[in-house]
Amino acid sequence: MTVQSHRRGGGGYLDRPAPSGLADVIEIILDKGIVIDAYVRVSLVGIELLTIDARIVIASVDTYLRFAEATNRLDLMEQGGGKPLDEFIGNMQESGAGRKVKGAVSGAKKALSSSDDDDGESRPAKKSSSRRRSTA
Amino acid sequence: MTPTSVAHEDVMDLGTTDADLGWFVYAVVDADSRIPDDLTGLDDQPVQAVAYGRVAAVVSRFRLERPPGRSADLLAFHRVVDGLADALESVVPVSFGSVVLDQEGIRDELLAPNEGWFGELVDSVRGRVQLIVQANYDQDALLREVVAADPEIARLRELTRDLPEGAARAELVRLGELVGAAVEHRRGEDADALLEDILPLTVAHVLRPASGLERVLDVALLVDSAQRDELENRLEVLAEEVHDRVQLRLLGPTAPYDFAGEV
């Protein structure tokens, strides 16, 4: 993936990665596009659910404890150079992204194995579909 | 243009009989669209257009026995749809995983009953592209703001920061709760401010669900090609203005995946 630095002088603060990795592609294409009811024969639902799950922010006690920890680690940086907090945040972001990709990939695997064949017949597409995403 | 003829010889070596093959559908385009010759889809099958009236479906042969969903399939789908978007004036992506059983079905069951609707969709995105803007907080700067702005947060931090692990759990949870709420409040204000700057240069937008402590905004924008430069310049300026606390990312242009349902 080509990632331009967003710290180049004279503008260039806008980060413009080329969306080429699987995670980017999944984020861009899944759960999008015209939905043609009768023809959707993959267990796309499995993928959709996992994708959406990965986006849910769980406001649990654990989450709060992580926020607190992050806030308290701020002190380390104020006192001594900043390395510890940077590392901590880097780790958090890394593990977060890793989970997301894994979830989506296993979703794809699940779709592959659970081939629901109850849709072998072809019916005309319908214009109105409950699965069409409403747009703002 | 006449419908592209779909001959049996087009089938590449899929090691299976015709009855086991269906058609994977990528997108709906104008009937007179010229599909790039070198475009290959899932399983490296050649991509072709099947036209009916004013619209055409872009399809490739596909083995019915295996549901698509491997990562290579997703990447191939993305390659085809965005390849079309690069080459054509108007491309409406079809949801990944859509398969029609036979060639007649593409015309008689997919295109014929939906020609009007598909035509409107194709018109609605003509000459337009999708861009995705994502804004993320610099966590460090965000937490500094939050601590500085709320005496109670500062107090709880003083109280809990040097205690051994496992101590003052209630206070830690309370601290995290307050930090979470403060971030949520800021997120709303910052997202609104960014949108206010960006949306006047767009035709439509779709907010995508935001997640995590650091995400401020994730929005898909439908943009007239003629306004794309102006929007990108605006985003560059914005990115510089906010870079101390927020990083802006721009993805795309892509095919209008988020606007395929809007007429």
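All figures in this text were calculated on a predicted structure; none of them were measured in a lab. (Residues numbered from 1 in each chain as written. Chains lettered and ligands numbered in written order. Predicted model: local features only at pLDDT ≥ 70, side-chain atom pairs only at ≥ 80, totals over all residues. Heavy atoms only, no water.)

**What about the packing of aromatic side chains?**
Residues and elements named next belong to chain B. To be explicit about the condition: In this scheme Phe, Tyr and Trp rings, the latter by its six-membered ring, pair at centre separations within 6.5 Å, and the angle between planes marks the pair as stacked below 30 degrees, edge-to-face above 60, and tilted otherwise. Summary of the burial criterion: residues with accessible area below 20% of their type's maximum are buried, those above 50% are exposed, and those between are partly exposed, where the area comes from a 1.4 Å probe applied to protein chains only.
Per the stated rule, a full pass over the model turns up 7 aromatic pairs over all chains. When the ring of Phe24 is compared with that of Tyr26, the centres are 5.1 Å apart and the planes differ by 55°; the resulting orientation is tilted. When sorted by exposure, Phe24 lands in the same class as Tyr26, which is buried. An aromatic cluster is present here, built from Phe24, Tyr26, Phe62, Phe77 and Phe96 joined pairwise through their rings.

**A look at the nonpolar core**
Note the cut-off: Among buried residues, those of type Ala, Val, Leu, Ile, Met, Phe, Trp, Tyr and Cys that are joined through side-chain atoms within 4.5 Å constitute a nonpolar core. Here a strand is any run of E in DSSP of at least two residues, a helix any run of H or I of at least four, and the numbering for each starts at the N terminus.
Of all hydrophobic cores here, the largest spans 43 residues; its most connected members are Leu235 and Leu248 of chain B. Breaking this core down by element, the ones donating at least two residues are helix H3 (61–80) of chain A together with strand S6 (128–137), helix H4 (139–149), helix H5 (151–160), helix H6 (169–198), strand S8 (215–224), helix H7 (228–242) and strand S9 (246–254) of chain B. Looking at this core, the element that brings in the most residues is H6 of chain B, giving 10 residues. Counting 40 residues, the second-largest nonpolar core is a separate cluster that includes Leu39, Leu84, Ile132 and Ala204 of chain B.

**A short note on the sheet that holds S8 of chain B**
Sheet strands pair via backbone hydrogen bonds, and the direction of the pair is either parallel or antiparallel. Residue and element names in this part refer to chain B. Stated precisely, the cut-off is as follows: Whether two strands pair depends on DSSP finding at least two bridges between them. As a rule, the C-alpha atoms of each element are fitted with a line to give its axis, helices using only the stretch in contact, and angles between N-to-C directions run from 0 to 180 degrees.
The 4 strands are arranged S7-S8-S6-S9 in an open sheet whose pairing can be described as antiparallel. Across the chains shown, the open sheet's two edge strands, defined by having one partner strand only, are strand S7 (204–207) and S9. Sheet twist, expressed as the mean angle between neighbouring strand axes with direction ignored, is 20°. As judged from the 7 bridges shared by S6 and S9, these two strands associate in the antiparallel manner.

**With respect to the packing of H4 of chain B against H5 of chain B**
All names here are of chain B. Put simply, the rule is: What sets the label is the angle itself: under 35 degrees gives roughly parallel, over 145 gives roughly antiparallel, 65 to 115 gives roughly perpendicular, and the rest give oblique. Contacts are residue-level and defined by heavy atoms, with any inter-residue pair within 4.5 Å sufficient. Ten residues, namely Ala, Val, Leu, Ile, Met, Phe, Trp, Tyr, Cys and Pro, are considered nonpolar, four, namely Asp, Glu, Lys and Arg, are considered charged, and the remaining ones, Gly among them, are considered polar.
With their axes 5 Å apart at the nearest point, H4 and H5 run at an angle of 105° to one another. Looking at the two axes, H4 sits roughly perpendicular to H5. Across from Val146, Val147 and Ala149 in H4, the residues of H5 making contact are Pro151, Ile153, Ala154 and Arg157. Per-class residue counts for the contact of H4 with H5 are 6 nonpolar, no polar and 1 charged.

**Notes on the confidence of the model for chain A**
Residue and element names in this part refer to chain A. Where we set the bar: Summary of the metric used: pLDDT quantifies the predictor's per-residue confidence within the range 0 to 100.
For chain A, the average pLDDT comes to 48, and 24% of its residues sit at 70 or higher. The lowest-confidence element of chain A is helix H4 (residues 83–113), averaging 31 in pLDDT; the highest-confidence one is helix H1 (residues 22–29), averaging 77. Below pLDDT 50 for its whole length, residues 79–136 participates in 81 contacts with residues either more than four positions away or in separate chains.

**Description of the packing of H5 of chain B against H6 of chain B**
Residue and element names in this part refer to chain B. Rules: Crossing handedness is defined as follows: a turn of the near helix away from the far one that is anticlockwise and smaller than a right angle gives a left-handed crossing, while the clockwise case is right-handed.
Axis separation between H5 and H6 bottoms out at 10 Å; the angle between their running directions is 145°. Along this stretch, H5 crosses H6, giving a crossing that reads as left-handed. Of the residues in H6, those in contact with Glu152, Ile153, Leu156, Arg157, Leu159 and Thr160 of H5 are Glu171, Leu172, Arg174, Leu175, Leu178, Val179 and Ala182. In terms of residue class, the contact of H5 with H6 is built from 8 nonpolar, 1 polar and 4 charged.

**A few points about the pattern of salt bridges**
Residue and element names in this part refer to chain B. To be explicit about the condition: Put simply, a salt bridge is a Lys or Arg side-chain nitrogen that is within 4 Å of an Asp or Glu carboxyl oxygen.
Following the criterion strictly, the structure yields 20 salt bridges over all chains and no others. Among the salt bridges present, the one from Arg54 reaches Asp123, with a minimum N-O distance of 2.7 Å. Taken together, the positions of Arg54 in the loop between strand S2 (48–52) and strand S3 (55–63) and Asp123 in helix H3 (residues 115–124) put the pair 69 residues apart, joining distant regions of the chain. On the basis of relative accessibility, which here comes to 38%, the residue Arg54 falls in the partly exposed class. What makes Asp123 partly exposed here is its relative accessible area of 38%. Residues joined by salt bridges that share partners form a network here, namely Asp30, Arg54, Asp123 and Arg126.

**Examining the environment of Ala72 of chain B**
Of note, Ala72 of chain B is situated in helix H1 (residues 71–87). C-alpha separation for the pair Ala72 of chain B and Asp43 of chain B, spaced 29 residues apart in sequence, amounts to 8.7 Å.

**Overview of the confidence of the model for chain B**
All names here are of chain B. Looking at chain B, the pLDDT average stands at 88 and 90% of residues meet or exceed 70. Below a pLDDT of 50 lies the segment residues 1–11, which in the model reaches 20 contacts outside its immediate sequence neighbourhood of four places, other chains included. Confidence metrics for the complex model read pTM 0.69 and ipTM 0.74.

**Digging into the side chain of Asn136 of chain B**
Residues and elements named next belong to chain B. Let me state the cut-off plainly: Here a polar contact is taken to be a pair of N or O atoms separated by no more than 3.5 Å, where protein atoms must pair a possible hydrogen donor with a possible acceptor and residues adjacent in sequence count only if both atoms sit in side chains.
Along the chain, Asn136 falls in strand S6. A polar contact of 2.7 Å, which involves the side chain of Asn136, links it to the side chain of Arg215. When sequence neighbours within four positions are dropped, the list of residues in contact with Asn136 reads Glu214, Arg215, Val216, Arg245, Val246, Gln247 and Arg249.

**Structural notes on H1 of chain B**
The condition is simple: Here the expected length of a helix is defined as 1.5 Å per residue gap, with one fewer gap than residues.
In this model H1 of chain B runs 24 Å from its N-terminal to its C-terminal C-alpha over 17 residues, within 8% of the 24 Å that 1.5 Å per residue would give. Among the residues of H1 of chain B, those classed as buried are Asp73, Leu74, Ala76, Phe77, His78, Val80, Val81, Asp82, Gly83 and Leu84 of chain B. Close packing links the buried residues of H1 of chain B with H1 of chain A together with strand S1 (21–30), S3, strand S4 (91–93) and S9 of chain B.

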